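Structure assessment
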Amino acid sequence: MSVLVTGGTGFIGSHTVVELLEAGYDVVVFDNFYNSKPCVLDRIKQITGKSVKFYEADMCDASAMKKIFAENEIDAVIHFAGLKAVGESVEKPLAYYKNNIGGTVVLCEEMAAAGVKRMVFSSSATVYGDPETVPMREDFPTSATNPYGETKLVIERILADVCVSDPEWSVSCLRYFNPIGAHKSGLIGEDPMGIPNNIMPRIQKVAAGEWDAITIFGNDYDTPDGTGVRDYIHVTDLAQAHIAALKRVYTVKGWECFNIGCGRGYSVLELIDAYSRASGKEIPKVIMPRRPGDIAVSYADPTKAKEVLGWEAKLTLDDMCRDAYNFLLKNPHGYED
Ligand code: UD1
């Protein structure tokens, strides 16, 4: 019996595959390498001493999905595959709707055809839009401010509808806050293609000497130091949340969602300070106007995940910065094949 990980060579997928292998699961992975590299598979083997069965495949390709389910005894799916850049989603909405939503529908059809009805889905705190209060709870209203967020919201609803239509299905949607950091080995981490959008890969560009300074998008928010506040979570803690959710979908049927965050917020300035301490490098800063679409404060109420999944984040902001910097030191030019 195997767990199929879609998008398993990406940032969060690869860390989850490591945790799955270390917990003793057999793992099958597919990825189309749109935003990841084949060498990640070797790195996973170096860390765990174990191999995964890998397919280079796209979830929009029904025959490829059919083949994977025919050739393996899959009994649950952890679904990461998807496009994830907010700005790009505004420019190319159809690509986002086709790939993320269309691909998930194909995946679910092939799961149903193969009798596989357990899924852990990679959702996002972006489904809360701009909440009226923090911390954010799972029962808050949901909304989307861009096509990327819309795809997460629609996929959550599709999965909820599937669970209503067939009570044999069980789905856990994990609403991630802001994953950063890297595996403690420094062998896998975050290496986005092109110009990164998220803050940690951008700080790493400055630490690597590729960029002169980090731009701070706004210091006039209603926050203690004026910069945006986020709930940063170590990617290894996040990966472990998937193991807890996987156990849940084996035991409870129906649709559920969980916030996956630490439950406290740090400002952009606090994050940069922590990174400077961890790396011993000064990170020059430039204040810029607010980035359109950004919210002031976002942090989770992670109580439900603790009570229901028995999961909570353990690693600190300093751990996240130390491990991100270690990944940079070991991979100064990112993954190189
Ligand atoms: C972003 C997406 C969100 C997505 C998440 C997934 C936007 C508007 N939101 O969240 O939908 O689910 O990534 O990874 O893109 N910042 C700077 N300077 C930078 C980069 C960021 O000051 O160079 C600030 C931002 O204003 C924010 C914080 O750092 O306050 C975190 O930004 P980021 O890492 O991009 O994450 P989110 O905006 O929270």
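So, a few notes on the structure that sits alongside this text. (Residues numbered from 1 in each chain as written. Predicted model: local features only at pLDDT ≥ 70, side-chain atom pairs only at ≥ 80, totals over all residues. Heavy atoms only, no water.)

Regarding the overall build of the protein chain
What counts here: Each helix is a run of H or I in the DSSP string that is no shorter than four residues. Each strand is a run of E no shorter than two, and both are numbered from the N terminus. The reference for a compact globule is 2.2 Å times residues^0.38; the radius of gyration itself is calculated from the C-alpha atoms. Only heavy atoms enter the contact rule, under which two residues are in contact if any of them lie within 4.5 Å. Computed by Shrake-Rupley with a 1.4 Å probe, the accessible areas treat only the displayed protein chains as cover when residues are assessed.
When its secondary structure is counted, the protein chain shows 11 helices and 14 strands. Taken over the C-alpha trace, the protein chain has a radius of gyration of 19 Å; the compact-globule value for 337 residues is 20 Å, and the two agree within 12%. Taken along the three principal axes of its C-alpha coordinates, the protein chain extends 55 × 45 × 40 Å. For the protein chain, long-range pairs separated by at least 24 residues make up 80% of all intrachain contacts whose partners lie at least 6 apart in sequence. Of the roughly 14,400 Å² that the protein chain leaves accessible, carbon and sulfur atoms contribute 51%.

A short note on the pairing of strand β1 (residues 2-6)
Test applied: For every residue, the accessible area (1.4 Å probe, protein chains only) is compared with the maximum for its type, and the residue is labelled buried under 20%, exposed over 50%, or partly exposed between those bounds. When DSSP finds two or more bridges between two strands, those strands count as paired. Think of it like this: strands point away, you trace from the first strand over the helix to the second, and a clockwise trace means the crossover is right-handed.
For β1, the buried fraction is high: 5 of the 5 residues fall into the buried class. Covered by surrounding structure in β1 are S2, L4 and T6 together with V3 and V5, the residues of both alternating faces. With 5 bridges connecting them, β1 and strand β2 (residues 26-31) associate as parallel partners. Across the sheet, V3 pairs through a bridge with V27, a residue of β2. Each parallel crossover has a hand, and the one from β1 via helix α1 (residues 11-22) to β2 is right-handed. Where β1 and strand β4 (residues 74-79) come together, 5 bridges link them in parallel fashion.

With respect to the site of the ligand
How we decide: We call a residue near a molecule or strand whenever a single non-hydrogen atom of that residue lies within 4 Å of it. Counting of polar contacts relies on pairs of N or O atoms within 3.5 Å, with two restrictions inside protein: one atom must be capable of donating a hydrogen and the other of accepting it, and residues adjacent in sequence are counted only when both atoms are side-chain atoms.
Around the ligand, a shell composed of 19 residues is seen, among which R202, T215, R230, R291 and D294 lie nearest. Measuring from a nitrogen atom of the ligand, one finds a backbone N or O atom of T215 at 2.6 Å. R291 is positioned with one of its side-chain polar atoms (N or O) 2.7 Å from an oxygen atom of the ligand. Computed on the free molecule, the ligand has an accessible area of 740 Å², of which 87% lies beneath the protein chains in the complex. Only α7 (199-207) and β8 (214-217) provide two or more residues apiece to the shell around the ligand. When residues in the shell around the ligand are grouped by element, the largest group, 4 residues, is from β8.

Some details on the pattern of salt bridges
Heads up, the rule is: For this document, the term salt bridge refers to a Lys or Arg side-chain nitrogen within 4 Å of an Asp or Glu carboxyl oxygen.
As enumerated under the stated definition, the model contains 14 salt bridges in all. A salt bridge links E312 to K306; the shortest N-O distance between them is 3.8 Å. It is possible to trace a salt-bridge network through shared partners that takes in D319, R322 and D323.

Notes on the environment of I44
As for its position among the elements, I44 is in helix α2 (residues 39-48). In sequence terms I44 and E109 are 65 residues apart; their C-alpha atoms lie 29 Å from each other. Among all residues touching I44, those that are not within four sequence positions of it are G8, S14, V17, V18, L21, G49 and K50.

Here's the deal with the packing of helix α3 (residues 62-71) against helix α5 (residues 93-114)
Which entries qualify depends on this criterion: For helices, the fitted axis covers only the stretch in contact; all axes are lines through C-alpha atoms, and the angles between them, taken along N-to-C directions, range from 0 to 180 degrees. Left-handed describes a crossing in which the near helix is turned anticlockwise from the far one by less than a right angle; the clockwise case is right-handed. In this classification, Asp, Glu, Lys and Arg are treated as charged, Ala, Val, Leu, Ile, Met, Phe, Trp, Tyr, Cys and Pro as nonpolar, and every other residue, Gly included, as polar.
For the pair α3 and α5, the least separation of the axes is 9 Å and the interaxial angle reads 35°. As for how α3 packs across α5, the hand of that crossing is right-handed. Residues A62, M65, K66 and F69 of α3 form the contact with α5, whose own contacting residues are V106, L107, E110, M111 and A114. Its residues assigned to classes, the contact of α3 with α5 shows 7 nonpolar, no polar and 2 charged.

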